[in-house]
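What follows is the residue order along each chain.
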Amino acid sequence: MIAVAIIFAMQQKKFSTSRFEFGQLTEVKGIYHQFPVPSIKVTTKQDFFGHSTYITIPLVGYGKFGAEGTIAELEKEKNILLDKMEVTLKGTLLYSDGKTLLQIDKNENPLIGVNAGKTYSPPVIKELGILHLTGEILDPKCYLGVMKPGSGKPHRDCAIRCIEGGMSPVLWVRTDKGETSYYLILDKNGKKMGDELKDYIADPVAVEARAVQYDDWTILFLNGKDKIRRTGGLSWFKTKDGDIHCSPPPKINNAN
Amino acid sequence: MDLQGDHYSGNCCILAIIIKALDKCIKIEILMIKPQRRGHYYAWIILALLLPAGIVFAWLAISNAEPVKWIKSSNSDLLPLIKSSSRKKEYCVSLRTDKNYTQWQLEWENITPLTVPTAVIYRMPSRNALHYGRQGNRNEGGGPGSTKIEDGILVGRIEARGIYVFPINLDYSGNQELNLILYDFIHQQIVDTINLAL
Amino acid sequence: MSTSYVAVGWNRQKKIYDWLIFGFCFVYLSIFVLLSLIFNGEITFETLLIRSSSTLAVLLLHVILAIGPLCRLNKNFLPLLYNRRHLGVTMFSLALLHGGFSIFQFHSLSNTNPFVSLFISNTNYDSLAAFPFQALGFFALVIFFLMAITSHDFWLHNLSPKVWKTLHMFVYLAYFLVLMHVMFGVIHYERNPVFVIIIFAGAVILVALHLLAGIKERRFDNRKFNLIKGGFVYVCSVDELENSRAKIFCLGKERIAVFRHESKIYAIHNVCKHQGGPLGEGKIIDGCITCPWHGYQYLPHNGQSPPPFKEKVSTYDVKVINDVVWLNPKPYPEGMERSGASLTIDNHE
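Residues numbered from 1 in each chain as written. Chains lettered and ligands numbered in written order. Predicted model: local features only at pLDDT ≥ 70, side-chain atom pairs only at ≥ 80, totals over all residues.

### Let's talk about the overall build of chain B
Stage number 1. Helix and strand content of chain B: 3 helices and 8 strands.
Stage number 2. Counting from the amino terminus, chain B carries its helices and strands in the arrangement α-α-α-β-β-β-β-β-β-β-β.
Stage number 3. Relative to its 198 residues, chain B shows a buried fraction of 31%.
Stage number 4. In chain B, the share of contacts with a sequence separation of at least 24, taken over all contacts with a separation of at least 6, comes to 51%. (Helix = DSSP H or I, 4+ residues; strand = E, 2+ residues; numbered from the N terminus. Buried ≥ 20, exposed ≤ 12 C-beta atoms within 10 Å, placed from the backbone. Contact = placed C-beta atoms within 7 Å.)

This is the structure we're talking about:
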């Protein structure tokens, strides 16, 4: 029986290196965007030649909720629309594999300041055409930091709750070379999808959608449930992670 | 004191009513041991059929993704010569050039997922050179060996696992090494330093 | 045996048993946690809690289910049986920790009540690949809960033995639900054939033990007694009966224990009133037939528990003719006195 403990402990799949800075609040300053998902675009200081880069950090709410509710309350409280404004937010960072989210909680007074005078530069938008991708739909908050594992069958119910609570679903794609990429999923009109994706979350799926690059995130505009299908059939042999094949994602050069 | 009698006395007790009704319904008589043993026996025969079937079907039902034809990506072509490289568990950095040493690329292969919120590559003033390599401009650039980000030149940002290729300006004649810093600008911390000998 | 109930009647055996359970659980959890942290350093506290409690609970469940048939096949395992309910309550506690924390982890802090979310989040009941495995675990936990809270003798008497025994037989259904919960849940993520082999091996061992014990018992039950004379059945010779011990015979539906005690032969119903233990596998101590499972006692000549206790079992007529024991399988009412058959020469025909 002790042997069973040893086998169970040692044979578990390795967990991801995602991080959730629980209990640690970080201030970030950047331009708040309502579309495609509530996010803050944080730019670096300029380098010696005046160049800078940026990261777009989607916002999520406390628990299994999106950030819209918190943002709406902040806008109501300050009597100001925050879209396209420079804001300083305080929240909890969660990140993994190059993607970062910020959890804002209204109980922590997340809005530190607003700078209405900052010049707004619109995002770089690039049409990528119709992409055919295979991956797994998951909720970004759990996968990128809060839970381990944040994907797969054991986590399915939680992912459904998060996505139905307002978090934007993300398609997680892995190539046979071990490369990964993440795509935000919206419906064809740019609205959040929740209940329509419920049956496909945490399963390997094939997706066909119009892809548009918004700065450093690629958005998939999904034209209905018939553009998703579960992949795979019954098989005695189960492939390991990393063997999911797809057309590789476009590389984004974000230094400007 | 007969506990059962006391318990059932006073039919206003809801629990007693339920138990009486259950007692009548249940055919298994605990004191008739042979039928009860038969019940256990049949239960395990049913389990002997259902358990392996359940285990096998559950295993077969694990979703397997279909392989999809891989389409070659449209990344810029890599320069043929690797002048210098540095390999760590998390990434592999290579400096590539052409045979004339006129064009240079920094190839960054992110092997393991990042464990920082942002990761930006800066090129820092070389410890052995007075300038970054823009020809004829000796007075540009920060002091030699500076690690202040303000003195650095942005190369690019890395994200998910994969290969990143950044063009880089390099004066091969004057520089002995290329000093890079991996910087997290959210936490404002240097994540790593990489020095590539030329 | 007593009409007043205490929460746990502690004695030395129970304390040793419970310390052994605690020790085993402590060692298992320590090894699991330590090795997980060493070989899988990115594991979180929540996942460690969920997995350590669940794996230990499943392991204990296998041990609990194995005790019954093991005791049937080999009496050396009987000490494990005496306080099996302690193992059961321990297993339920671990399962509750796992289930409760999992419901909190995966369903709370959302836009739906956690217990409602458990059933409405994933509704793919028509799909094997996407089957809502958490519901299976929930129902198994409910069964274990009902078993745990009724594990005390108080409930055995107050629910009536029939209801109590039927409730506790649901452990078989719970076992099936638990294995399917594991197979359709975490195994779909881990995909490691080693885990499947261990689960399969556990199920095979339990099935084999139960069927072997069942076959042995059925053979015993189906043994034919053909020699019948005036309502009495020839069962054995006197020499086969050890003093203060019994032999058990299954005549029709009933198992009857035939005891030899102080130059007399007595026959009583084999089933102990407490939890159905086999009285014939016990022995006579201080003039009382003592059940090997939990020590309940009955007087051989009338099947009654010694005062102040109230339990009674049926008695039977028995004769000794020419050193041969004849038994009448028709039972007398519980507690009725029967004189037994003397082994002295005057009573031989």
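Once you've had a look at it, read on.
### What about the sheet that holds strand β7 (residues 288-290) of chain C?
All names here are of chain C.
Stage number 1. Ordered by their spatial adjacency, 3 strands build an open sheet running β6-β7-β8, and the pairing between neighbours is antiparallel. The strands lining the two open edges of the sheet, one partner per strand, are β6 (283-285) and β8 (297-298).
Stage number 2. Judged from the 3 bridges that link them, β6 and β7 form a sheet pairing that is antiparallel. When the sheet's bridge partners are listed, Lys283 is paired in β7 with Thr290. (Pairing = 2+ DSSP bridges.)

### Digging into the interface of chain A and chain C
Frequently, the measure chosen for interface size is the accessible area that the parts lose on association.
Stage number 1. Across the contact, 33 residues belong to chain A and 37 residues belong to chain C.
Stage number 2. Secondary-structure elements contributing two or more residues to the side of chain A that touches chain C are α1 (2-10) and α4 (156-164) of chain A.
Stage number 3. Looking at the side of chain A that touches chain C, the element that brings in the most residues is α1 of chain A, giving 8 residues.

### A look at the confidence of the model for chain B
Residue and element names in this part refer to chain B.
Stage number 1. Averaged over every residue, the pLDDT of chain B is 75; residues scoring 70 or more account for 64%.
Stage number 2. Counted against residues more than four places away or in other chains, residues 25-32, with its pLDDT under 50, gives 18 contacts.
Stage number 3. Note that pLDDT drops below 50 for residues 68-74; the model gives that stretch 8 contacts with residues more than four away or on any other chain.
Stage number 4. Both scores are available for the predicted complex, with the pTM at 0.85 and the ipTM at 0.88. (pLDDT = per-residue confidence, 0-100.)

### Structural notes on the packing of helix α2 (residues 45-73) of chain C against helix α11 (residues 193-221) of chain C
All names here are of chain C.
Stage number 1. Contact geometry of α2 with α11 gives a least axis separation of 9 Å together with a crossing angle of 30 degrees. By the angle class used here, α2 and α11 are roughly parallel. The crossing of α2 and α11 is left-handed. Of α11, the residues touching α2 (which contributes His62, Leu65, Ala66, Pro69, Leu70, Arg72 and Leu73) are Gly202, Leu206, Leu209, His210, Leu212, Ala213, Lys216 and Glu217.
Stage number 2. A class-by-class count of the residues in the contact of α2 with α11 yields 9 nonpolar, 3 polar and 3 charged. (Axes fitted to C-alpha atoms, helices over the stretch in contact; angles between N-to-C directions. Parallel < 35°, antiparallel > 145°, perpendicular 65-115°, else oblique. Left-handed = near helix turned anticlockwise from the far one by under 90°. Nonpolar A, V, L, I, M, F, W, Y, C, P; charged D, E, K, R; others polar.)

### Describing the sheet that holds strand β1 (residues 81-87) of chain B
Hydrogen bonding along the main chain pairs the strands of a sheet, whether they run parallel or antiparallel.
Residues and elements named next belong to chain B.
Stage number 1. Spatially, β1-β2-β3-β6 is the arrangement adopted by the 4 strands of the open sheet, whose pairing is antiparallel. Lying at the two open borders of the sheet, with one neighbouring strand each, are β1 and β6 (162-167). Here the strands of the sheet are splayed against their neighbours by 20 degrees on average, with no regard to which way each runs.
Stage number 2. Pairing between β1 and strand β2 (residues 91-97): 6 bridges, direction antiparallel. Within β2, the position partnered with Ser84 by the bridge is Leu95.

### Quick look at the packing of helix α6 (residues 133-149) of chain C against helix α9 (residues 171-184) of chain C
Residues and elements named next belong to chain C.
Stage number 1. It is the contact of α6 with α9, at a shortest axis distance of 8 Å, that shows an interaxial angle of 150 degrees. On the basis of their axis angle, the class for α6 and α9 is roughly antiparallel. Along this stretch, α6 crosses α9, giving a crossing that reads as left-handed. Taking contact as the criterion, the partners of Phe133, Leu136, Gly137, Phe139, Ala140, Ile143, Phe144 and Met147 in α6 are, on α9, Val171, Leu173, Ala174, Leu177, Val178, Met180, His181 and Phe184.

### Some remarks on the pairing of strand β4 (residues 120-124) of chain B
Within a regular beta strand, the side chains point alternately toward one face of the sheet and then the other, so they alternate between its two faces.
Residues and elements named next belong to chain B.
Stage number 1. The element β4 is extensively covered by neighbouring structure, given that 5 of its 5 residues are classed as buried.
Stage number 2. Residues Val120, Tyr122 and Met124 of β4 are buried on one face, and the alternating residues Ile121 and Arg123, pointing to the opposite face, are buried as well.
Stage number 3. The pairing of β4 with strand β5 (residues 153-157) spans 4 bridges and is classified as antiparallel. If you follow Ile121 over to β5, its bridge partner there is Gly156.
Stage number 4. Direction of pairing for β4 relative to strand β7 (residues 177-184): antiparallel, over a ladder of 5 bridges. Each residue of the ladder has a partner; that of Val120, found in β7, is Tyr183.

### Here's the deal with the confidence of the model for chain A
Residue and element names in this part refer to chain A.
Stage number 1. For chain A, per-residue confidence averages 87 on the pLDDT scale, and residues scoring 70 or more make up 90% of the total.
Stage number 2. Across residues 241-250 the pLDDT falls below 50, and counting only partners more than four positions away or on other chains, this stretch makes 32 contacts in the model.
Stage number 3. Here residues 252-256 is modelled with pLDDT under 50, and outside its nearest four sequence neighbours on either side it reaches 15 contacts, counting other chains as well.

### Examining the nonpolar core
Stage number 1. Membership of the largest hydrophobic core comes to 62 residues, with the highest contact counts inside it found for Ile40, Leu102, Ala159, Leu171, Leu184, Ile185 and Leu220 of chain A.
Stage number 2. Both domains that furnish three or more residues to this core are identified here as domain 1 (19-115) and domain 2 (125-230) of chain A.
Stage number 3. In contact with Leu171 of chain A, other than residues within four places in its own chain, are Leu133, Gly135, Ile137, Tyr183, Ile185, Val207 and Leu220 of chain A.
Stage number 4. Of all hydrophobic cores here, the second largest spans 50 residues; its members include Ala9 of chain A, Trp44 and Ile55 of chain B together with Phe184 of chain C. (Core = buried A, V, L, I, M, F, W, Y, C linked by C-beta atoms within 7 Å. Domains from an automatic or database assignment.)

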